[in-house]
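# Summary of the model geometry
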Amino acid sequence: MINIEIDGKQVAVVQGSTVMDAAKQVGIYIPHFCYHKKLSIAANCRMCLVEVEKAPKPLPACATPVAEGMKVSTHSQQAVTAQKGVMEFLLINHPLDCPICDQGGECQLQDLAVGYGSSGSRYQEAKRAVTNKNLGPLISTDMTRCIHCTRCVRFGQEIAGIMELGMAGRGEHSEILTFVGKTVDSELSGNVIDLCPVGALVSKPFRYSARTWELSRRKSISPHCGLGSNLVVQVKNNRVMRVLPRENEAINECWLSDKDRFSYEGLNSEDRLTVPMIKKSGEWQACGWQEALAFTAEGIKNVINKYGAQGVGALGSAHSTLEELYLLQKLMRRLGSHNIDHRVRQSDFRVDTMSQGVPWLGMQIAEVSQLKSILVIGSTLRKDHPLLAQRMRQAVKQGAQLSVINPIGDDLFTKLAYQTIVAPSAMLNAVLQVLKAVAEIKNMPISEQIASAVNQVNVSESARGMASSLIEHSPAAVFLGNLAQHHPHYADLFSAVQAISEMTEARFGVLGEAANSVGAYSVGVVPWDVGAESANKTESRKSGLNAGQMLGLGASEEESVCSAYILLNLEPELDSYDTRRASQVINRAEFVVSLSSYKGNVPDYADVILPVSPFTETSGTFVNSEGRIQSFQGVVSPLGETRPAWKVLRVLGNLLQLEGFDYDSSEQVRAEIISDKEEFVQNLNNSLDVLSIKDFSQKGSEIERIGEVPIYQADPIVRRAVSLQKTHDAAPPTAFASSALLNKAGILAGETVRIDQQNEEIQLVISVDDNLPDDCIRLACAHPQISRLGTMFGEIKLEKL
């Protein structure tokens with residue numbers, strides 16, 4: 001510790017700290033622009049000049065390391081004069097457009113100019129003007145206002161991992177520029193809006209829509225990825241106008257992904273449902289809630305009377321709140337059915353009879369940054385989990401080794417120790433190679449249940465390197481991503497990773513796909529009663545149909561599954577593992593109830609549509625990947641006649657004369673679910689009772705599909721966020737294949753080709769991506785244009801037109 005004096009106050013700070021750190025510690029504010037606690041020190045704005053005893057001139061507080069016995073004055077005559085001089089230079093070329101600037105009211109330059117600026121300027125020459133730049137659909141520019149703090153440049157290099165902005169020129173001719181012909185396309189790009197201390201970079205969707213002092217600020221939680229980012233939702237006239245990050249070092253730090261920041265546009269979509277609707281004689285009719293709910297209850301009763309309770313199935317989205325999901329499963333179980341699930345994109349459910357608890361991250365989110373060795377299996381990491389990817393990049397900067405086994409070789413914007421890019425059918429082989437290498441290095445026996453499968457593989461140098469990395473560097477972790485969870489051999493991958501984890505003593509985590517992936521599992525939105533399991537786990541967990549069975553996976557095309565479906569915040573034609581089969585099954589059902597915020601294609605297959613509120617219009621709870629319980633309140637009133645889904649399910653339970661549906665608030669529902677927070681999350685456990693690898697095969701079909709979920713097609717809200725749908729990541733679907741595969745098929749990049757899967761075909765433009773295996777086509781799912789193709793993985797045919 002170093003002892004210094006700052007403005008007469010004695011303070012002890014850690015060696016290597018700066019004067020700025022010391023001032024913060026004792027609550028002294030030093031004006032600054034370029035300094036930011038999460039970015040490297042640039043010291044180029046000079047606004048933080050302070051007087052240091054015995055120094056010949058003022059020194060920048062952000063870049064001056066403390067020394068024993070140092071005496072600092074932040075508000076002495078010398079310091080204030082220096083700060084005022086810097087402010088005069090900053091204002092020389094700054095335009096006088098505060099009245100029309102979106103940053104007005106929350107501008108650091110505006111605030112500090114009041115304290116350190118003068119009433120007039122001595123500068124008589126013409127001010128400079130800088131042409132605006134096109135940074136894409138999310139960020140608007142007024143570069144004449146730029147004060148060259150370079151926060152945006154440093155953010156790209158240090159946090160987002162890619163340099164998309166840079167500074168060219170010198171002196172007053174300096175400009176912040178993109179590369180020629182490029183826009184800012186990072187999935188974290190919106191953070192530069194928060195970082196910009198002036199109005200040079202502002203939100204394009206929000207621009208000119210409201211003044212900051214007109215907005216009410218309310219806390220909320222993001223419903224998208226499994227991180228559970230903390231939000232500040234800004235509201236005007238009962239409409240969400242803007243979303244900003246709420247700082248939480250344990251979760252999202254001070255950042256937000258663009259999905260969390262800009263998806264609010266989907267809340268005000270023209271596709272929003274505002275009144276209940278029922279289908280009578282093939283015609284849709286708007287009606288009141290009483291009629292719609294009575295019609296729903298009658299339809300469910302008729303199906304139960306005709307086919308029994310097992311004729312009814314329910315599918316809920318893990319983007320729904322804990323309270324909504326709990327009441328959905330309670331409704332089904334009181335009806336006598338265990339046909340309920342939330343894992344609509346999963347295809348392999350063998351883990352169900354072996355798992356000891358709820359799959360989760362395996363550690364606290366903040367601990368990811370402290371890892372020294374990381375192995376990620378099956379994940380488009382930057383797109384599925386932008387802020388977790390950012391934490392992993394920071395870990396690599398601190399010396400961690402990051403390795404990847406994946407069918408897609410996307411750039412993670414960081415150094416990779418080892419990378420294995422293989423076809424989906426070969427992913428299990430690649431993971432077993434790592435397991436075999438671990439066993440050989442540590443000279444340990446492999447579990448008998450999986451030994452025969454492990455013995456079939458030959459260990460590559462890459463696999464041996466991954467194994468050594470996990471063994472030699474601690475703490476270490478292995479993560480299963482979204483692609484692995486959707487994989488047809490998910491249970492086998494799970495078993496192999498658990499064996500690796502046990503033998504290397506590395507942590508084992510499952511990256512949560514949605515905001516409530518952990519919560520949905522915890523409250524029993526699975527085909528067995530979580531709270532009443534019998535001693536025979538295998539039998540008790542076979543009591544209901546899982547999502548795959550309900551949506552027709554493994555069943556013949558003529559075979560019907562359930563006669564009635566209740567869908568909560570779900571669009572099965574986009575959100576399923578096999579969208580083609582799911583659409584067939586849902587369309588064939590006798591009675592379909594959709595609790596949805598959006599119209600979409602719902603009228604094509606539903607018999608009753610109940611408009612429910614999105615997360616901003618209801619109170620609720622999300623349980624993120626690390627098991628953290630986060631509750632929030634609604635920030636605006638429900639739109640039109642929409643109602644929170646928990647209220648709709650409560651009334652439906654009453655109309656069906658079920659016990660236990662007398663709730664007055666979502667808080668009462670939450671209290672029933674979570675009587676003890678510690679007890680609620682103690683069931684988080686990634687371990688399996690028995691390790692099992694079945695049907696091990698090293699070779700799949702001739703050409704395989706890799707069907708990942710695009711970042712801006714992942715859930716109903718982001719699909720309707722207009723600005724996000726204009727980004728590079730939301731471009732129209734394109735097929736990608738390696739140049740080797742295209743040459744073999746005699747196809748040129750840019751040509752339109754015919755793609756056939758499960759007797760359905762579409763025509764698409766094909767592009768080259770040599771970061772893919774030679775026997776694969778990368779074709780994203782969840783797009784309306786390609787939803788009729790079928791499964792996310794599996795055989796696919798490519799033909800030249």
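Just so we're clear, the structure is a prediction, and the values are computed from it rather than from any experiment.

Quick notes on the rules
Residues numbered from 1 in each chain as written. Predicted model: local features only at pLDDT ≥ 70, side-chain atom pairs only at ≥ 80, totals over all residues. Heavy atoms only, no water. Phe/Tyr/Trp six-rings, centres within 6.5 Å; stacked < 30°, edge-to-face > 60°. Helix = DSSP H or I, 4+ residues; strand = E, 2+ residues; numbered from the N terminus. Buried < 20%, exposed > 50% of the residue type's maximum accessible area, 1.4 Å probe, protein only. Lys NZ or Arg CZ within 6 Å of the ring centre and 35° of its normal. Domains from an automatic or database assignment. Contact = heavy atoms within 4.5 Å. Buried area = accessible area lost by both parts, 1.4 Å probe. Salt bridge = Lys/Arg side-chain N within 4 Å of Asp/Glu carboxyl O. Core = buried A, V, L, I, M, F, W, Y, C linked by side-chain atoms within 4.5 Å. Pairing = 2+ DSSP bridges. Axes fitted to C-alpha atoms, helices over the stretch in contact; angles between N-to-C directions.

### Observations regarding the packing of aromatic side chains
- Using the criterion set out here, one finds six aromatic pairs in the structure.
- Between Tyr490 and Phe494, the ring centres sit 5.7 Å apart and the planes meet at 85°, which makes this aromatic pair edge-to-face. Here the residue Tyr490 and the residue Phe494 both occupy positions in helix H15 (residues 490-504), the gap between them amounting to four residues, near one helical turn. Like Tyr490, the residue Phe494 is buried in the burial classification.
- For the ring pair Tyr521 and Trp528, a centre distance of 6.0 Å and an interplane angle of 75° mean the geometry is edge-to-face. With respect to burial, Tyr521 and Trp528 carry one shared label: buried.
- Above the plane of the ring of Phe206 lies Arg242, whose end atom (NZ or CZ) is 4.4 Å from the centre.
- A cation over a ring is seen here: Lys330 above Phe661, with NZ or CZ 5.5 Å from the ring centre.

### Considerations on unusual backbone geometry
- In this chain, Ser474 is followed by Pro475 through a cis amide linkage whose omega measures 0°.
- With respect to the element layout, Pro475 can be found in the loop between helix H13 (461-472) and strand S20 (476-480).
- Here the phi dihedral of Asp7 falls at roughly 50°; this positive angle occurs in a residue that is not glycine.
- Within the fold, Asp7 resides in the loop between strand S1 (2-6) and strand S2 (9-13).
- Unusually for a residue other than glycine, Asn238 sits at a positive phi of about 60°.
- As for its position among the elements, Asn238 is in the loop between strand S11 (230-236) and strand S12 (239-245).
- According to the relative accessible area criterion, Asn238 is partly exposed, its value standing at 42%.

### Looking at the domain arrangement of the protein
- What the domain assignment lists for the protein is domain 1 (2-92), domain 2 (126-268), domain 3 (277-349 + 523-673), domain 4 (365-510) and domain 5 (704-800).
- A C-alpha centroid distance of 37 Å is found between domain 2 and domain 3.
- Contact residues are listed per partner, giving 22 residues for domain 2 and 17 residues for domain 3.
- In total, domain 2 and domain 3 occlude about 1500 Å² of area from one another, counting both sides; carbon and sulfur atoms represent 58% of this.
- On the surface where domain 2 and domain 3 come into contact, there are zero salt bridges.

### Examining the nonpolar core
- Within the largest apolar cluster, 70 residues are counted, with the highest numbers of intra-cluster contacts made by Phe33, Phe155 and Phe479.
- Those elements giving two or more residues to this core turn out to be helix H2 (77-92), helix H3 (108-116), helix H4 (151-160), helix H5 (191-195), strand S17 (373-377), helix H10 (386-397), strand S18 (401-406) and S20.
- With six residues, H10 is the single largest residue contributor to this core.
- Ranked by size, the runner-up nonpolar core spans 53 residues in total, among them Ala297, Tyr326, Val518 and Phe591.

### Examining the sheet that holds S11
- Within the open sheet, the three strands sit side by side as S10-S11-S12. Their pairing is antiparallel. Whereas interior strands pair on both sides, the edge strands pair on one side only; in this sheet they are strand S10 (216-221) and S12. For this sheet, the mean inter-axis angle between neighbouring strands, taken without regard to orientation, is 35°.
- For S10 and S11, the ladder comprises six bridges, and the chain directions are antiparallel. Within the sheet, the bridge partner assigned to Ile221 lies in S11 and is Asn230.

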